[in-house]
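# Inside the fold
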Amino acid sequence: TAAGHRTGLYTSPHLVTLRERFVVDGEMVTGTEMAAALDEVRTAIDRLLEHGGLRAQPTFFEVVTSMALVIFRRRRVDIAVLEVGLGGRLDATTVATPTAGAITTIDLDHQAHLGGTIRAIAAEKAGIAKPGMVVVCGERKREAVDVIDEVCRRQGASLVKAWDGVDVSASSATGLTTMALRTPGRSYGPCTLALRGVHQIANAVVAVRLLEALD
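Let us look at the structure shown here. (Residues numbered from 1 in each chain as written. Predicted model: local features only at pLDDT ≥ 70, side-chain atom pairs only at ≥ 80, totals over all residues. Heavy atoms only, no water.)

## Concerning the environment of G197
What counts here: Under the DSSP-based scheme used, a helix requires at least four consecutive residues in state H or I and a strand at least two consecutive residues in state E, with every element numbered from the N terminus. In what follows, a contact means two residues having at least one pair of non-hydrogen atoms within 4.5 Å.
Here G197 shows up in the loop between β10 (187–192) and α6 (200–214). Residues G197 and K161, 36 residues apart in the sequence, show an inter-C-alpha distance of 22 Å. Ignoring any residue separated from it by four or fewer positions in sequence, one finds G197 in contact with G175 and T177.

And the structure:
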């Protein structure tokens, strides 16, 4: 947005209103715009069910993901950020053809759906990799990184290990973290992170390396 691009942001879950999931240029869409997108998606669902293109009603997350893509198309966004809902390989957001993507960290979560080991969960999350895209990985556990590396090579995606060649200096006061960052290409900061917690340093490193990949 700061560089002058029209941006779309799709995240989940929402806390107060469904509109939180659909943001263009930093502003939630209106209820009217969201309803219009839902009408278009509902019409497509009915048509596909009637003609056999769908065998069952789509899930809630599949519907709202489709709504986000409709909204972004209508608003003619230049760059859209799509947050995966669960895992990666089978997530509704994988209908998109990304330029770049990010995997922050891998841990034992959603094991009923993603598997009971770090390697299994890493394989599901690495499912975002597609030919020609850049995948920025913030995870440093070897068992996870090896799996992500293997999937990226198989899919023809380029892997950037976010921490390679990076130096970070940071300090915290009253819950806020200020950091300076040097990557192989540039130096940044010092700047104060908008989100609280020292774990946000790792997220900021991934975000910066992702933006560098896009640039």
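## Some points on the pairing of strand β8 (residues 167–173)
Remark: a regular strand shows side chains that alternate across the two faces of the sheet. What counts is decided by this rule: One bridge is not enough; two strands pair if DSSP finds at least two bridges between them.
Relative to strand β9 (residues 176–182), β8 runs antiparallel, the two being bridged by seven bridges. Across the sheet, the residue bridging to D167 is R182, located in β9. Linkage of β8 to β9, two consecutive antiparallel strands, is achieved through a turn of two residues, within which T174 is found at a positive phi near 50°.

## A look at the pattern of salt bridges
For side chains bearing opposite charge, pairing can occur when the charged atoms are close. What counts, and what does not: We define a salt bridge as a side-chain nitrogen of Lys or Arg found within 4 Å of a carboxyl oxygen belonging to Asp or Glu. For the exposure calls, accessible area comes from a 1.4 Å probe over protein chains only, and a residue counts as buried if that area is under 20% of its type's maximum, exposed if over 50%, partly exposed in between.
Here the structure, examined in full by the defined rule, presents 14 salt bridges. Across the pair R75 and E33 runs a salt bridge, and its minimum N-O distance is 3.0 Å. With a gap of 42 residues between them, R75 in helix α2 (residues 60–75) and E33 in helix α1 (residues 31–51) connect regions that are remote in the sequence. For R75, a relative accessible area of 26% corresponds to the partly exposed category. Linking R153 and D149 is a salt bridge whose minimum nitrogen-to-oxygen distance equals 3.8 Å. Residue R153 and its partner D149 are both found in helix α5 (residues 142–155); the two are separated by four residues, about one turn of the helix.

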